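Here is how the chains run, residue by residue.
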Amino acid sequence: MWQDIKNIYHLYIAILANIIYLFPGRSLKVIGVTGTDGKTTTTNLIHHILTTGGEKVASISSLGAVIKGKRYDTGYHTTTLSSLMLQKLLRKAVNEGAKYMAIEVTSHAIDQHRIFGIPFAVGVLTNVTNEHLDYHKTYDSYLRTKTSLLRKAKIAITNKDDGSYTFLADIEKKKGPKYWMTYGLTEGSDVNPKEFPFETKLIGEFNTYNVLAAITAAKQLGVPNEKIRTAVSSYIQPIGRADFVYSDEFTVMIDFAHTPNAFEQILKTVRPLFAGRIIHVFGSAGKRDPLKRPMMGEISSQYAEVMVLTAEDPRGENIGKIMNEISSGVKKRKSEIIKIPDRKEAIQAAINMAREGDLVIITGKAHEKSMNYTGREEPWDEYKVVSDALAKRNEESKK
């Protein structure tokens with residue numbers, strides 16, 4: 001009830017924002033990307049393909065906004081902006097001569113009408129797995145919210161290999177074959193690696209899906225195939241996504257994975273690459289979906305020899321409780337579990353224990369510039385914390 005009232009308020013604000021900024025979305029070809037995982041990479045890939053193809057493109061994602069080559073900070077823990085800020089940036093993109101706008105769209109933004117008034121030329125659904133059930137309550141509700149973007153878009157693009165695909169038959173029937181496109185690794189999809197071969201620097205099957213999603217969107221926007229292939233082959237993963245930040249005696253990777261599915265995808269990708277141990281540093285956000293915590297622990301334990309549990313924006317929730325809920329998912333003790341509430345100390349400990357051939361993978365924060373321990377945002381830089389920890393280890397080894 002209270003959520004419905006809040007969403008009515010958000011709708012009024014969205015209507016007002018459209019009026020204030022004169023419905024800027026109508027002057028752009030807008031591509032919306034939603035899904036549980038892969039939104040940021042796919043959004044930035046679409047931006048890169050269109051830009052490489054010579055088009056004037058803007059984008060808004062969890063990494064910030066890019067308009068006419070200039071990057072704009074969009075705040076802490078922000079993916080899809082408030083309707084006022086979103087419409088303001090759309091208007092700026094129009095004024096700067098952009099033809100296309102790629103937007104990363106969250107389920108919260110859809111449910112709260114923040115994207116109201118934006119006519120999506122293309123809607124992309126990457127995948128739908130259990131996430132944000134603290135807000136949506138059930139998987140079905142979460143799925144319906146995600147797929148509403150496909151209903152709004154002129155052209156709908158979806159992952160035929162994802163479990164959510166079987167629930168989309170009514171949308172497919174309504175859209176028709178001309179406006180319903182699929183991608184996947186199987187030949188039954190409209191765009192797949194056999195029918196559209198490409199080369200990429202990105203690692204992992206999950207990134208193959210992200211690339212295929214971006215390729216499908218670009219094809220629907222009329223980008224020639226060879227320009228698409230050229231752009232895909234030159235694309236470099238954005239900050240905080242499978243980012244190898246140190247490689248010498250051992251390796252350190254920073255990644256934004258913070259869902260069970262993302263854990264599965266990144267860990268199974270890196271496991272065959274390292275002969276040594278995987279030391280996995282992670283936590284789970286406070287006052288967010290607690291049901292995923294045991295699943296994250298179980299998945300990590302299947303691949304990592306050492307799990308270092310720590311804080312990840314606890315927001316005043318007891319960190320010890322969160323760590324215990326994560327470790328409760330480990331039914332058979334497959335990993336050594338170490339609990340260090342302070343994230344800086346946890347990262348230092350993981351790097352100090354690394355031996356030759358090991359991988360230290362630190363997930364959950366990546367590009368984010370703040371940490372919320374008590375309900376208040378505090379400055380945080382995961383990259384600097386890792387750099388300082390490496391420097392301290394090297395300094396102590398010389399003594």
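Let me begin by describing the structure that accompanies this report.

Calculation rules
- Residues numbered from 1 in each chain as written.
- Predicted model: local features only at pLDDT ≥ 70, side-chain atom pairs only at ≥ 80, totals over all residues.
- Heavy atoms only, no water.
- Patch = residues over 30% accessible without salt bridge, like charges linked within 9 Å, V, L, I, M, F, W, Y side chains within 5 Å.
- Areas by Shrake-Rupley, 256 points an atom, 1.4 Å probe, with all protein chains shown as cover.
- Salt bridge = Lys/Arg side-chain N within 4 Å of Asp/Glu carboxyl O.
- Lys, Arg positive; Asp, Glu negative; His and termini not counted.
- Charge placed at Lys NZ, Arg CZ, Asp CG, Glu CD.
- Helix = DSSP H or I, 4+ residues; strand = E, 2+ residues; numbered from the N terminus.
- Buried < 20%, exposed > 50% of the residue type's maximum accessible area, 1.4 Å probe, protein only.
- Expected span 1.5 Å × (residues − 1).
- Pairing = 2+ DSSP bridges.
- Axes fitted to C-alpha atoms, helices over the stretch in contact; angles between N-to-C directions.
- Contact = heavy atoms within 4.5 Å.
- Parallel < 35°, antiparallel > 145°, perpendicular 65-115°, else oblique.
- Left-handed = near helix turned anticlockwise from the far one by under 90°.
- Nonpolar A, V, L, I, M, F, W, Y, C, P; charged D, E, K, R; others polar.
- Polar contact = N/O pair within 3.5 Å; in protein donor to acceptor, adjacent residues only side chain to side chain.
- Phe/Tyr/Trp six-rings, centres within 6.5 Å; stacked < 30°, edge-to-face > 60°.
- Lys NZ or Arg CZ within 6 Å of the ring centre and 35° of its normal.

**As for a positive patch on the surface**
- Together, K29, K99, K154 and K178 make up a region of like positive charge exposed at the surface.
- As for its placement among the helices and strands, K99 is situated in the loop between α3 (83-95) and β5 (100-104).
- Note on K99: relative accessible area 37%, which makes it partly exposed.

**Quick look at helix α2 (residues 39-52)**
- The terminal C-alpha atoms of α2 lie 20 Å apart, and with 14 residues this matches the ideal 20 Å at 1.5 Å per residue to within 8%.
- Turning to α2, its buried residues are K39, T40, T41, T42, T43, N44, L45, I46, H47, I49 and L50.
- Phi for G54, located one or two positions after α2, is positive at around 95°.

**Quick word on the sheet that holds strand β6 (residues 120-125)**
- Pairing within the open sheet is mixed, and its 8 strands lie in the order β4-β3-β2-β5-β1-β6-β7-β8. With one partner strand each, in any of the chains shown, β4 (70-72) and β8 (180-183) form the two edges of the open sheet. The average angle at which neighbouring strand axes cross in this sheet is 15°, direction not considered.
- Judged from the 4 bridges that link them, strand β2 (residues 57-61) and β5 form a sheet pairing that is parallel. Bridge assignment links S59 to a residue of β5, and that residue is A102.
- Each of β2, β3 (64-67), β4 and β5 is contacted by α3, which is oriented at about 155° to β5, the strand it contacts most.

**Observations regarding the packing of helix α8 (residues 205-220) against helix α9 (residues 225-234)**
- Contact geometry of α8 with α9 gives a least axis separation of 10 Å together with a crossing angle of 150°. One element, α8, and the other, α9, form an angle in the roughly antiparallel class. Along this stretch, α8 crosses α9, giving a crossing that reads as right-handed. Here α8 contributes V211, I215, A218 and K219 to the contact with α9, which in turn contributes N225, I228 and V232.
- Each residue belonging to the contact of α8 with α9 can be placed in one class, and the counts come to 5 nonpolar, 1 polar and 1 charged.

**Describing the packing of helix α13 (residues 343-353) against helix α14 (residues 382-397)**
- Two elements in contact, α13 and α14, have axes separated by 9 Å at closest approach and are oriented at 45°. Relative to α14, the element α13 is oriented oblique. Seen from above, α13 lies across α14 with right-handed handedness. Judged by residue contacts, R343, K344, I347, Q348, I351, N352 and M353 of α13 engage E382, V385, V386, D388, A389, L390, K392 and R393 from α14.

**Some points on the pattern of salt bridges**
- As enumerated under the stated definition, the model contains 19 salt bridges in all.
- The partner of K194 in a salt bridge is E187, and the shortest N-O contact between them spans 3.3 Å. Accessibility classification places K194 together with E187 in one group, the exposed group.
- K384 serves as the salt-bridge partner of D388, at 2.8 Å between the closest nitrogen and oxygen. Pair noted here: D388 and K384 are both in helix α14, with a separation of 4 residues, about one helical turn.
- On the accessibility criterion, D388 (33% relative accessible area) is partly exposed.
- If you follow the salt bridges from partner to partner, you end up with R293, E317, K321 and E325 in one network.

**Observations concerning the side chain of R343**
- Take R343: it is sitting in helix α13.
- Among all residues touching R343, those that are not within four sequence positions of it are G283, T310, A311, E312, I362, T363, G364, K365, M371, Y373, W380 and E382.

**Notes on the side chain of D37**
- You can see D37 is positioned in the loop between β1 (29-34) and α2.
- One buried charged residue, D37, remains without a salt bridge, the closest side chain of opposite sign being K39 at 6.2 Å.
- Engagement of the side chain of D37 in a polar contact is seen with the side chain of N261, the distance being 2.9 Å.
- Sequence-distant contacts of D37, that is, excluding residues within four places in its chain, are made with T126, N127, T129, T259, N261 and A262.

**Some remarks on the packing of aromatic side chains**
- Summed over all chains, the structure comprises 5 aromatic pairs.
- Considering the side-chain rings of Y246 and F250, the 5.2 Å spacing of their centres and the 45° angle between planes classify their relative orientation as tilted.
- Judged by relative accessible area, which is 19%, Y246 ranks as buried.
- Given the relative accessible area of 2%, F250 is considered buried.
- A cation over an aromatic ring shows up here: R26 above the ring of F23, its NZ or CZ 4.1 Å from the ring centre.

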